[in-house]
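These are the residues of each chain, in order.
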Amino acid sequence: MSQGNSSKRSDSSSTTVVAIINGKGGVGKTTTAVNIAAILAEKHNVLFVDADPQASATWWTQRHKEGVNFDLTEETNPTLLEKLRQIQDYDLIVVDTPPALRSEALQAVISSADYLVLPTPPAAMDLTALIETVRTAVMPFKIAHRVLLTKVDSRSLKETLEAQNTLLELGIPACHAFVRQYKAHERAVLDGVPITEWHGKNAKEAQADYRRVVEELQRDWNKL
């Protein structure tokens, strides 16, 4: 697994591995992974591992000549992904995973992770698939995790609250923060930058959503 050169160094030998997972595509998984990594990299030394064979994150972040503020490597080999915890040159490793529950690469990442973030829209069909992912791919490993509601329609927050309550009733931890659906996210991808570097319509709102998410997740990580 090749690693990029970073200008920042970790002050600790401990590296936290955070995996972004969902067995269903089109839920905002890669968008979440890239934006979380970009925000974390403002204060930490971050390696982004693109373990999704579609390599959407790699395509996105290599489109802009300035690049991103984290190191990135592509790796889909399960044997190497099982060794993520052996990488000691970073504070955090953020992994974008394949949307396939039976993927050996996904299983390897989950077994190596310290924390899992599971993005999903609040719609019933998406939530049902997410709950199945948690039960089959997450709970058996007993890894700390939290569901993140994405692509939230600001005009229908009732659906979001109902989804959060459903997860609570099932004993599945969910973020209080959520990510609203803005064209800004799509525009940022086309421009090859994370939402933190995009400056069009609703950029501030879209960025603020992910900053709230990262703040909440970090409070969880500090308990690990």
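Residues numbered from 1 in each chain as written. Predicted model: local features only at pLDDT ≥ 70, side-chain atom pairs only at ≥ 80, totals over all residues. Heavy atoms only, no water.

J.: Outline the nonpolar core, listing residues and values.
T.: Core analysis: the largest hydrophobic core is formed by 37 residues, its most contacted members being I36, L40, V46, F48, F70, V94 and L217. When residues of this core are traced back to their parent elements, those giving at least two are β1 (16–20), α1 (29–40), β2 (46–50), α2 (56–61), β4 (92–96), β5 (115–120), α7 (183–191) and α8 (203–221). Among all residues touching I36, those that are not within four sequence positions of it are I20, Y210, V213, V214 and L217. The next biggest cluster of nonpolar side chains, apart from the first, holds 34 residues, and it includes V17, V95, A163 and L167. (Core = buried A, V, L, I, M, F, W, Y, C linked by side-chain atoms within 4.5 Å. Buried < 20%, exposed > 50% of the residue type's maximum accessible area, 1.4 Å probe, protein only. Helix = DSSP H or I, 4+ residues; strand = E, 2+ residues; numbered from the N terminus. Contact = heavy atoms within 4.5 Å.)

J.: An account of the pairing of β1 is requested, with residue identities and associated values reported.
T.: Burial within β1 is extensive, with four of its five residues counted as buried. Note: β1 against β4, five bridges, orientation parallel. Of the residues in β4, the one forming a bridge with T16 is L92. In the sheet, β1 pairs with β5 via three bridges, with the strands oriented parallel. Of the residues in β5, the one forming a bridge with I20 is V117. (Pairing = 2+ DSSP bridges.)

J.: Describe the packing of aromatic side chains, with residues and values.
T.: A complete count under the given rule lists two aromatic pairs for this structure. Aromatic pair F48 and F70: ring centres 5.4 Å apart, planes at 25°, arrangement stacked. With a gap of 22 residues between them, F48 in strand β2 and F70 in the loop between α2 and β3 (71–74) connect regions that are remote in the sequence. By the burial criterion, F48 is buried, and F70 matches it. (Phe/Tyr/Trp six-rings, centres within 6.5 Å; stacked < 30°, edge-to-face > 60°.)

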